[in-house]
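Next come the chains, spelled out residue by residue.
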Amino acid sequence: MTAEIFHPATYTRAVPYDRFAELRRTTPVCWIEEPAVGAWPAGPGYWGVFAHADVKRVLRDPDTFSSHLGGTQIRDPETSGDLDFVRAMMLNQDPPAQARLRRIVAAAFTPRAIRRLEEMIADRARVLVDAVLPAGQADFVDVAADLPVWTLARIMGVPDQDRRLLYDWANRVIGYQDTDYAGLSTADAEALSPLGRAALAERPASMTRPDGRPLNPRSRVGLADMYAYAHGLATAAAATDPAAATDPAAATDPVATDGSATTDGSADADRDTGIVGRLLAEGLTDAEFENMFFLFAVAGNETLRNGIPGALLTLLQHPDQLESLRRDPETLLGPAVDELLRYWPPVMQFRRTATRDVTLGGRDLRAGDKVVVYHASANRDETAFPDPDRFDITRSPNDHVSFGFGPHYCLGAHLAKTQMRAMLGQVLTRMPHVRPAGDPVRLTSNFQNGLKHLPIRWD
């Protein structure tokens, strides 16, 4: 039986690394059943890819293993319209079309933008730790969650009072398999800008269809409030920086200078319009614009929200490595972050679709078959990593695939590592003898390797 590899409940207990190791030894490419989960119907099944070399082969060959044909999530979009919509996202395109959108996203990650962000991120991490230090204990998931949300709000030009919306949209998408997250809404409507309140009114009243079937949270209908906000923000950005709407060279730097915003949701005269202003200059279709907003607001958020708490839990479970890192963070924090990403990959798998008949890992795949690469398994492959289940912050080389590989390698990888270093650096230097204060609680998800709670205390 292979259904447990797909079933979200499996990951509530732990990532099944022992089962992955068994599959790498016996059937490194094998057929995975896709049973019904709650109200979600059964799927046709897919080929799971577990060996490091095979995972990299799939990711480097979009001509054979397409992101565009069926998207990059295991579950197929429910309608042809849903499929057409998600195909407009950069993650769900293949070269050469993908290269155009990738170039636009890269504008947010220029060396100048990253340098400015590094200073801001370090300051923000310090503020977040300052807020909880006197208590001597905290849920680290809550502490860490604000950093990626805050960072993305700066990149996107989202007013500070609206950034909690980014948190809620990510919860809806990454937590749809978890009842604690699926309907969670934490934004205080009274604290939102008028733009935020107007968008909130577009939120689906229910995530269940009239016929009882669940509403796909990744669909345009399932995120109607987010897309309404995206268009409202674009209107404000165009009013603030009208030249950017027609001239890409006139678009302001995608990092906001001071994070301030007026209460009506528009930008101050001294404030950049964020990446949204640049998107306006690129002539995107509505679907491309909305999916690009999704990419920043949700995909750029969820990875760090899970990766930073997972990194601290890993260190707490390996106190010798934590102590070594504490003694020499300047030397070891960089390689430690890569090892933490290998050991706790925030994203466990991604899907492709075979474009033609092909043999992979000794198995004959047919055109149209779903192919799902398991980053979590590849990162523990004994043929790529000596003693792969050992956590070693000095490991080098470290050829993990937590940020993907090939044409879809994550453009935000450097920014993600910057945030991890900033938050972990604060914990190492300012939370003496940090230790668990209760049991961690895992997210129910077969996609995100996440934590809902990580209680900690310190002296």
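Please refer to the structure placed before this passage.
Residues numbered from 1 in each chain as written. Predicted model: local features only at pLDDT ≥ 70, side-chain atom pairs only at ≥ 80, totals over all residues. Heavy atoms only, no water.

Participant: Can you tell me about the nonpolar core, naming the residues and giving the values?
Facilitator: Side chains that are nonpolar tend, in soluble globular proteins, to be buried together. Grouped together as the largest cluster of nonpolar side chains are 97 residues, with contacts concentrated most on Phe140, Trp169, Met226, Tyr229, Phe293, Phe296 and Ile456. No other element matches helix H14 (residues 286-316), which puts 16 residues into this core. Sequence-distant contacts of Trp169, that is, excluding residues within four places in its chain, are made with Leu223, Asp225, Met226, Tyr229, Phe293, Ala297 and Val298. (Core = buried A, V, L, I, M, F, W, Y, C linked by side-chain atoms within 4.5 Å. Buried < 20%, exposed > 50% of the residue type's maximum accessible area, 1.4 Å probe, protein only. Helix = DSSP H or I, 4+ residues; strand = E, 2+ residues; numbered from the N terminus. Contact = heavy atoms within 4.5 Å.)

Participant: Any details on the pattern of salt bridges? Residues and values, ideally.
Facilitator: Per the stated rule, a full pass over the model turns up 29 salt bridges. A salt bridge links Glu288 to Arg100; its shortest N-O distance comes to 2.9 Å. Of this pair, Glu288 sits in helix H14 while Arg100 is found in helix H6 (residues 97-106), placing the two residues 188 residues apart along the sequence. Put simply, Glu323 and Arg326 hold a salt bridge, and the shortest N to O gap is 3.8 Å. With Glu323 and Arg326 both in helix H15 (residues 319-327) and 3 residues apart, this pair spans about one turn of that helix. Connected through salt bridges with shared partners, the residues Arg124, Asp146, Arg154, Asp160 and Arg163 form a single ionic network. (Salt bridge = Lys/Arg side-chain N within 4 Å of Asp/Glu carboxyl O.)

Participant: Tell me about the sheet that holds strand S4 (residues 137-139), and please be specific about residues and values.
Facilitator: Sheet strands pair via backbone hydrogen bonds, and the direction of the pair is either parallel or antiparallel. The 3 strands lie next to each other as S4-S12-S9, forming an open sheet whose pairing is antiparallel. Each end of this open sheet is capped by a strand with a single partner; those strands are S4 and strand S9 (435-436). As paired strands, S4 and strand S12 (residues 455-457) are joined by 3 bridges and run antiparallel to one another. What sits directly across from Ala138, in S12, is Ile456. The strands touched by helix H8 (residues 140-156) within the sheet are S4 and S12, with S4 carrying the most contacts at an inclination of about 65°. (Pairing = 2+ DSSP bridges. Axes fitted to C-alpha atoms, helices over the stretch in contact; angles between N-to-C directions.)

Participant: Which residues make up the sheet that holds strand S8 (residues 370-374), and what values go with them?
Facilitator: Reading across from one edge, S1-S2-S8-S5-S3 is the order of the 5 strands in this open sheet, with mixed pairing throughout. Both edges of this open sheet fall to strand S1 (29-32) and strand S3 (65-66), since each of them pairs with a single strand only. As paired elements, S1 and strand S2 (residues 46-49) share 4 bridges and run antiparallel to each other. The residue bridging Cys30 from the neighbouring strand is Gly48, located in S2. Set on the sheet, helix H4 (residues 52-60) makes contact with S1, S2, S3, strand S5 (349-354) and S8; between it and S8 the angle comes to about 125°.

Participant: Go over helix H9 (residues 163-174) with me, naming the residues and quoting the values.
Facilitator: Along its 12 residues, H9 runs 17 Å from first to last C-alpha, staying within 8% of the 16 Å computed at 1.5 Å per residue. Within the span of H9, buried status applies to Arg163, Leu165, Leu166, Tyr167, Asp168, Trp169, Ala170, Asn171, Arg172, Val173 and Ile174. (Expected span 1.5 Å × (residues − 1).)

Participant: Describe the side chain of Asn398, with residues and values.
Facilitator: Its location among the elements puts Asn398 in the loop between helix H17 (375-378) and helix H18 (413-430). With relative accessibility at 18%, the residue Asn398 sits in the buried group. In this structure the side chain of Asn398 is engaged in a polar contact, spanning 3.0 Å, whose partner is the side chain of Glu339. Every residue in contact with Asn398, bar those within four places of it in the chain, is listed here: Asp338, Glu339, Arg342 and Phe385. (Polar contact = N/O pair within 3.5 Å; in protein donor to acceptor, adjacent residues only side chain to side chain.)

Participant: Before we move on, could you go through the packing of H9 against helix H12 (residues 224-240) and cite the residues and values that matter?
Facilitator: It is the contact of H9 with H12, at a shortest axis distance of 10 Å, that shows an interaxial angle of 145°. Of the two elements, H9 crosses H12, and the hand of that crossing is left-handed. Within the contact between the two elements, H9 uses Leu165, Trp169 and Arg172 and H12 uses Asp225, Met226 and Tyr229. Split by residue class, the contact of H9 with H12 holds 4 nonpolar, no polar and 2 charged. (Left-handed = near helix turned anticlockwise from the far one by under 90°. Nonpolar A, V, L, I, M, F, W, Y, C, P; charged D, E, K, R; others polar.)

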